[in-house]
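# Structure at a glance
The chain contents come next:
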Amino acid sequence: MIIENPLIGNYIERPNRFTVAVYVDGERRIAHLRDPGRLRELLIPGNDVILRRAPAGNRKTEFDVIALRRDDEWVLVNSGFHSDLAASIIESSAVDEFQGFRIEKREYSFGRSRIDFLLTSGKERMLVEVKGCTLVRGELALFPDAPTERGRRHVEELEHALSEGYRCSVLFLVFGRGARFFSPNHEMDPEFSSALRRAHEAGVNVIPYTLATDINGKVLVYPLRRIPVRWPDESP
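Positions within a chain are numbered from 1, following the residues in the order the chain's sequence is written. Local features in a predicted model are, by the rule used here, given only for residues with pLDDT of at least 70; side-chain atom pairs are given and counted only at 80 or more, and totals for whole chains, interfaces and linings are based on all residues. Where side-chain values are given, they derive from all heavy atoms of the structure, hydrogens and water being excluded.

## Some points on the overall build of the chain
Along its length, the chain carries 3 helices and 16 strands. In this setup the radius of gyration rests on C-alpha atoms only. A globule is expected at 2.2 Å times the number of residues raised to 0.38. Computed over the C-alpha atoms, the radius of gyration of the chain is 18 Å, within 12% of the 18 Å expected from 2.2 N^0.38 for a compact globule of 236 residues. Counting only C-alpha atoms, the chain reaches 55 × 40 × 30 Å along its principal axes. In the chain, buried positions account for 49% of the 236 residues. Residue pairs in contact within the chain that sit at least 24 positions apart in sequence constitute 62% of those at least 6 positions apart. Here, Shrake-Rupley sampling with a 1.4 Å probe gives the accessible areas, and only protein chains in the shown set may cover a residue. Here the chain has roughly 11,700 Å² of accessible surface; of this, 45% comes from carbon and sulfur atoms. Comment: elements are numbered from the N terminus, with helices defined as DSSP H or I runs of at least four residues and strands as E runs of at least two. Only protein chains enter the area calculation, which uses a 1.4 Å probe; residues under 20% of their type maximum are buried, those over 50% are exposed, and those in between are partly exposed. Every residue pair with non-hydrogen atoms within 4.5 Å of one another is taken to be in contact.

So this is what it looks like as structure tokens:
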């Protein structure tokens, strides 16, 4: 994925869940943040931020936040790109579980939720829910970084869908090239962690895939590799 015309600013503060104040060319501006997580390891005053000017229209914010710096890498924090990034992984033939499937529909209604993808292969159907993971500690990627009732509900919907003949997967987009393992963040949200483990044991695929973000005149986001799951009760 290529994102054109990026700007570099500096983070100031987060007035509310979906907006941040940034310095751009020495002036304070307000930008839209499409990530409901806490992002505590990224939202540090003075930290570099990649922005894109918002389309002209009736908006209160002038920019969209694309990524924030973590040490020597950029971390994508804009969920608006998750669907297309996930589609590129699904269609790449890089994941065994997706082999032979094609994308039938995005934002598929099932139960009380809208699941990100419905895939089909002949008479087989697969539901795929996509989650963005930005929290990486050492080699371990953790999701979520804030309690997520919505995320737990999605996982429970997928587990239920198994009984209706669907195949089901959760695809975690891990934004950190140094991550070598993925784990549900039991300390942050034990209910989500338990729900994901139950769903996995029932037959839901848990697929963490790392991605990298680079900038050189344009922003380039690209997939790297699948990483194994380490459940909270497993030893390193």
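Continuing now.
## Quick word on the domain arrangement of the chain
Interfaces are often sized by the amount of accessible area the parts lose when they come together. Domains are outlined according to an automatic or database domain assignment. Segmentation of the chain into domains returns domain 1 (2-76) and domain 2 (79-226). Spacing between the C-alpha centres of domain 1 and domain 2 amounts to 24 Å. In this assembly, 21 residues from domain 1 lie in contact with 21 residues from domain 2. Accessible surface is computed with a 1.4 Å probe, and the buried area is the amount of it that two parts give up when combined, taken over both parts together. Between domain 1 and domain 2, the buried area comes to about 1,900 Å², and carbon and sulfur atoms account for 60% of it. Its largest share of buried area at the contact with domain 2, domain 1 owes to R34, R38 and L76, together 31% of the area lost on that side. We define a salt bridge as a side-chain nitrogen of Lys or Arg found within 4 Å of a carboxyl oxygen belonging to Asp or Glu. For the interface between domain 1 and domain 2, the tally reads 2 salt bridges. With a closest N to O distance of 4.0 Å, E73 and R177 form a salt bridge.

## Structural notes on the pairing of strand 3 (residues 19-24)
Regular strands place side chains that alternate from one sheet face to the opposite one. Summarising burial for strand 3: 5 of the 6 residues are buried, a large majority. Two strands make a pair as long as DSSP finds a minimum of two bridges between them. Bridge count for strand 2 (residues 6-16) against strand 3 is 4 bridges, and the pairing is antiparallel. Bridge pairing in strand 3 places E13 opposite A21. In sequence, strand 2 turns back onto strand 3 through a hairpin of 2 residues. As defined by bridge partners, strand 3 adjoins strand 4 (residues 27-32) across 6 bridges and the pair is classed as antiparallel. From the neighbouring strand, A21 faces strand 4, where its bridge partner is I30. As consecutive antiparallel partners, strand 3 and strand 4 are separated by 2 residues, and within that stretch D25 has a phi angle of approximately 55°, a positive value.

## Considering the nonpolar core
By size, the foremost hydrophobic cluster in this structure holds 45 residues, and its most contacted members are F117, L119 and V128. Each of domain 1 (2-76) and domain 2 (79-226) accounts for three or more of the residues forming this core. Those residues in contact with F117 that lie beyond four places of it in its chain are S83, A86, A87, I90, I103, K105, R106, M126, L127, V128 and V130. Residues belong to a common nonpolar core when they are buried Ala, Val, Leu, Ile, Met, Phe, Trp, Tyr or Cys residues joined through side-chain atoms within 4.5 Å. Grouped together as the second largest cluster of nonpolar side chains are 27 residues, L118, L196, V204 and I227 included.

## Comments concerning the packing of aromatic side chains
The geometry of an aromatic ring pair is captured by two quantities: the separation of the ring centres and the angle between the planes. Each Phe, Tyr or Trp ring (for Trp, its six-membered ring) is paired with any other whose centre lies within 6.5 Å, and the angle between the two planes then decides the class: stacked below 30 degrees, edge-to-face above 60, tilted in between. On inspection of all chains with the given rule, the structure shows 4 aromatic pairs. A ring pair is formed by F110 and Y166, whose centres lie 5.4 Å apart and whose planes are at 80°; its orientation type is edge-to-face. Of this pair, F110 sits in strand 8 (residues 102-110) while Y166 sits in the loop between helix 2 (149-162) and strand 13 (167-175), placing them 56 residues apart in sequence. The exposure classification of F110 matches that of Y166, with both residues buried. Taking the centre distance of 5.3 Å and the plane angle of 65° together, the rings of F143 and F192 count as edge-to-face. On the criterion of sequence distance, the pair formed by F143 in strand 12 (residues 140-143) and F192 in helix 3 (residues 190-202) is long-range, its members being 49 residues apart. Assessed through its relative accessible area of 0%, F192 is described here as buried. Grouped by ring-pair contacts, the aromatic residues F143, F172, F182 and F192 constitute a single cluster. Placement of a positive charge over a ring is assigned whenever Lys NZ or Arg CZ falls within 6 Å of the ring centre and within 35 degrees of the normal to the ring plane. The cationic tip of R69 hangs over the ring face of W74; the distance from NZ or CZ to the ring centre is 4.4 Å.

## Some points on the pattern of salt bridges
A side chain with one charge can pair with a side chain of the opposite charge if their charged atoms come near. For the structure on display, the rule yields 18 salt bridges. With its nearest N and O atoms 2.4 Å apart, the salt bridge here joins E27 to R29. Classification of R29 by relative accessible area gives partly exposed; the value is 25%. Where R70 meets E73, a salt bridge forms, and the shortest distance between an N and an O atom there is 3.0 Å.

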